[in-house]
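Descriptive structure summary
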Amino acid sequence: MQQRIAQLALVVKDYDEAIAFYRNKLLFRLVEDTVLSETKRWVVMAPPGNSTTYLLLAKAANEQQLASVGNQTGGRVFLFLHTDDLMRDYERMKAEGVNFVREPSIEAFGKVAVFEDLYGTLWDMIEPGEK
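Residues numbered from 1 in each chain as written. Predicted model: local features only at pLDDT ≥ 70, side-chain atom pairs only at ≥ 80, totals over all residues. Heavy atoms only, no water.

Turning our attention to the UniProt feature "domain: VOC" (unreviewed entry) in the chain. This chain's UniProt record puts "domain: VOC" (unreviewed entry) on residues 4–128. When the span residues 4–128 is considered, its composition is 21% helix and 42% strand, and the gap between its end C-alpha atoms is 20 Å. (UniProt positions renumbered as here; feature names shortened; annotations may be inferred. Helix = DSSP H or I, 4+ residues; strand = E, 2+ residues; numbered from the N terminus.)

Printed below as a string of structure tokens:
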């Protein structure tokens, strides 16, 4: 048996502002942006490189979903972005105005820094260490 997680849904307030943040500040590429109705789009983004896991930007459709924007995990880190050079990406993202809530540090598993997206969703950016 072979399985993989293909996409993760991230609830956002607005498609276009979320696309702009992920494309301009994190350098994600827009994989798909398909209009499904007057209020719903299928928006898929991926980090730079050869990613096989995608981020589906899902616009909040009601008050309950809107309340979860930026806090889908109750204040815990939600997503983990691996990089081949943490300091390069950290410096570039800082220059773009990305807010880091934890500065880079070295841990047993590698280098890590924690940033938040435009809505406050927490991400670990990790440069894995040698195995």
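What follows picks up the thread again.
Another point: the pattern of salt bridges. Scanning the entire structure with this criterion turns up seven salt bridges. Between Asp-89 and Arg-88 there is a salt bridge; the shortest N-O distance is 2.9 Å. Judged by its relative accessible area of 42%, Arg-88 is partly exposed. The shortest N-O distance in the salt bridge between Arg-102 and Glu-107 comes to 2.6 Å. (Salt bridge = Lys/Arg side-chain N within 4 Å of Asp/Glu carboxyl O. Buried < 20%, exposed > 50% of the residue type's maximum accessible area, 1.4 Å probe, protein only.)

The next thing to look at is helix H3 (residues 86–95). Those residues of H3 lying buried are Leu-86, Asp-89, Tyr-90 and Met-93. For H3, the angular spread of buried residues about the axis comes to 100°, placing them on one side. Of the surrounding elements, those touching the buried residues of H3 are strand S6 (99–107), strand S7 (110–116) and strand S8 (122–128). N-cap assignment for H3: the residue whose side-chain oxygen lies 3.4 Å from the backbone N of Met-87 is Asp-85. (Arc of directions from axis to C-beta. Contact = heavy atoms within 4.5 Å. Polar contact = N/O pair within 3.5 Å; in protein donor to acceptor, adjacent residues only side chain to side chain.)

We now examine the environment of Thr-83. Note that Thr-83 resides in the loop between strand S5 (79–82) and H3. Sequence separation between Thr-83 and Pro-47 is 36 residues, and the spatial gap between their C-alpha atoms is 9.7 Å. Aside from chain neighbours lying at most four places away, what touches Thr-83 is Arg-88, Asp-89, Met-125, Ile-126, Glu-127 and Pro-128. A polar contact of 3.1 Å, which involves the side chain of Thr-83, links it to the backbone nitrogen of Asp-85.

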